[in-house]
Amino acid sequence: MIRFLPLAFASLLVTLFTHAPARADWPQFRGPDGQGHAEVTGLPLKWSESQNVAWKTPLPGRGWSSPVIEDGRIWMTAAIEEPISEEERKRRLEGLEGNVDSLALAGAVSLRVLCVDLESGKLLKDTEVLRVDEPEPVHTLNSYASPTPIVERGRLYCHFGTYGTICLDTQTHKVLWKNSELNIDHQNGPGSSPILWGELIIFHCDGMDLQYIAALDKQTGKLAWKTDRSGKMDEKPPLKKAYCTPLVVDSKQGPQLISPAADWLYSYDPATGKELWRAGYGKLGFSTVPRPVAGHGMVYICTSFMQSRLLAVRYDGQGDVTDTHVAWHSDRQIPKMPSPLLVGDELYVVSDSGIATCFDAHTGEELWRERLGGNYSASPLLADGRIYFFSREGDTTVIRPGKQFELLAANHLDGQFMASAAIAGKGLILRTDGHLYRIED
């Protein structure tokens with residue numbers, strides 16, 4: 001009997017691995033490292049509505065959150081907006097600063113979590129997690145469900161800005177906790193995605209009225225720490241807001257939470273929220289959107305509005321490092337919304353109006369600049385030795401990384417890309433304004 005145990009055990013292992021769900025993890029905004037990199041091969045180079053589409057699924061509501069993936073399931077958020085009368089719209093927009101014609105407003109909003117099967121594309125679940133009876137307006141380029149959720153080990157963490165943060169059990173689809181205590185005036189709707197670090201979920205709260213960064217205990221949703229922004233900002237409230245997503249980097253001093261806000265780049269201790277250093281942008285910079293990237297002992301950020309500036313800042317300082325640690329900067333065709341992409345010694349950006357630029361990441365020297373065409377909100381992706389750029393017109397431009405521009409392919413899908421891409425196995429998971437696609441050879 002004993003001599004057959006190894007064979008039986010081997011058979012059991014084969015059965016377990018054969019029937020175990022394939023993990024295709026894309027846990028957060030911009031992937032495993034948060035910087036738009038994917039260690040995969042075999043991705044498609046070309047596609048269209050009639051080529052290399054494994055499935056295409058219509059999505060309910062409206063939302064620009066990017067897909068996240070774990071254990072064969074794709075997760076996103078969406079907002080179902082109830083209509084509003086013109087009389088009610090005028091009442092609620094009365095007295096607001098700025099160009100109200102650029103704002104969209106709903107009568108009420110149901111904030112939802114969508115779950116899609118990776119293999120079939122079937123919408124498995126559509127769960128309401130929050131309801132807002134009188135939501136703030138959002139910019140016409142924004143949505144009520146723009147922050148990207150985070151998934152890990154059976155839990156999904158969703159942040160909806162001032163409307164709250166929730167934790168969802170991915171097996172039962174039940175809300176385990178919610179926190180709606182951290183409220184700010186976004187003016188243009190929520191935009192900052194959360195991150196996980198250890199036992200904390202961390203996100204920005206940079207509104208017109210209040211500006212701070214906060215961390216919640218991921219097990220309970222209770223506030224762990226909260227730190228006010230310390231840098232001097234413009235007195236005008238609309239110029240104090242920002243919509244960025246932080247990034248944790250390892251350094252000789254320990255982990256640093258890199259956090260762009262209005263007019264300033266900050267570094268904090270992610271465990272306590274203690275400010276470590278800050279660097280001024282050197283000009284007006286607000287409504288900051290692009291997530292930073294890091295490498296070569298520097299972090300690279302784009303300041304967004306008015307005219308966006310690209311800054312390379314060394315992260316080994318203390319206190320105010322504005323005059324000592326800004327290695328280089330550029331003001332030419334810098335994005336306001338798409339994040340930068342660092343590939344080896346080159347840094348790539350695409351402006352909102354479709355101008356792609358490659359910089360030497362060490363010196364800031366411009367190596368090339370090319371017009372891709374279209375308009376851009378989604379962040380670029382490095383995968384399978386290629387860079388993918390996704391436009392609001394539904395076009396994807398694929399290039400080869402390098403010091404010279406080399407176009408590999410130009411692809412088109414119906415709809416517009418506001419969300420950034422995710423990857424599962426050898427497939428691209430792409431969300432347009434109306435559908436979710438799996439693109440695979």
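Residues numbered from 1 in each chain as written. Predicted model: local features only at pLDDT ≥ 70, side-chain atom pairs only at ≥ 80, totals over all residues. Heavy atoms only, no water.

Considering all chains together, one arrives at eleven aromatic pairs under this definition. Relative to tryptophan 177, the ring of tyrosine 157 has its centre 6.4 Å away and its plane inclined at 45 degrees; by these criteria the two rings are tilted. Remark: tryptophan 177 occurs in strand 12 (residues 175-179) and tyrosine 157 occurs in strand 10 (residues 155-159); sequence separation between them is 20 residues. Comparing tyrosine 157 with tryptophan 177, the two get one shared label, buried. Linked through ring pairs, Trp47, Tyr388, Phe390 and Phe417 together constitute an aromatic cluster. Looking at arginine 278, its charged tip hangs above the ring of tryptophan 264, at a distance of 5.1 Å from the centre. (Phe/Tyr/Trp six-rings, centres within 6.5 Å; stacked < 30°, edge-to-face > 60°. Helix = DSSP H or I, 4+ residues; strand = E, 2+ residues; numbered from the N terminus. Buried < 20%, exposed > 50% of the residue type's maximum accessible area, 1.4 Å probe, protein only. Lys NZ or Arg CZ within 6 Å of the ring centre and 35° of its normal.)

Take the nonpolar core next. If you look at the biggest cluster of nonpolar residues, it comprises 32 residues, and the most contacted ones within it are Ile74, Leu381, Tyr388, Leu428 and Leu430. Listed by contribution, the elements that provide at least two residues to this core are strand 4 (73-82), strand 6 (108-117), strand 30 (381-383), strand 31 (386-390), strand 34 (422-424), strand 35 (427-431) and strand 36 (435-439). For leucine 430, the residues in contact, after removing those within four places along its chain, are Trp47, Phe390, Leu413, Phe417, Ala421, His435, Leu436, Tyr437 and Ile439. Residues Ala106, Cys115, Tyr144 and Leu156 belong to the second largest nonpolar core, which totals 24 residues. (Core = buried A, V, L, I, M, F, W, Y, C linked by side-chain atoms within 4.5 Å. Contact = heavy atoms within 4.5 Å.)

Read from one edge to the other, the open sheet built from five strands follows the order 1-30-31-32-33, with strand pairing classed as mixed. The open sheet has two edge strands with one neighbour each: strand 1 (37-38) and strand 33 (407-412). One ladder, built from two bridges, connects strand 1 with strand 30; its direction is parallel. Among the inter-strand pairings, alanine 38 is bridged to a residue of strand 30, identified as alanine 383. (Pairing = 2+ DSSP bridges.)

Here we come to the environment of proline 340. Looking at where proline 340 falls in the secondary structure, it is placed in the loop between strand 25 (326-330) and strand 26 (341-343). Separated by 259 residues in the primary sequence, proline 340 and glutamate 81 have C-alpha atoms spaced 32 Å apart. Not counting the four nearest positions on each side in its chain, proline 340 is found in contact with Arg30, Pro290, Arg291, Val293, Tyr300, Cys302, Leu347, Tyr348 and Val349.

Strand order in the open sheet made by the four strands is 3-4-6-7, with antiparallel pairing throughout. Since the sheet does not close on itself, it has two edges, and those belong to strand 3 (68-70) and strand 7 (123-132), each with one partner. For this sheet, the mean inter-axis angle between neighbouring strands, taken without regard to orientation, is 30 degrees. For strand 6 and strand 7, the ladder comprises eight bridges, and the chain directions are antiparallel. (Axes fitted to C-alpha atoms, helices over the stretch in contact; angles between N-to-C directions.)

Here the focus is the pairing of strand 15 (residues 211-217). Counting buried positions over the seven residues of strand 15 gives six, a clear majority of the element. Of the pairings in the sheet, the one linking strand 14 (residues 200-206) to strand 15 comprises seven bridges and is antiparallel in character. Bridge assignment links isoleucine 202 to a residue of strand 15, and that residue is alanine 215. Taking the residues that link successive antiparallel strands as the turn, the strand 14-strand 15 hairpin has four residues. The sheet contact formed by strand 15 and strand 16 (residues 223-228) spans five bridges and is antiparallel. Bridge pairing in strand 16 places leucine 216 opposite leucine 223. Here strand 15 hands over to strand 16 after five residues, with glycine 221 in that stretch at a positive phi of 80 degrees.

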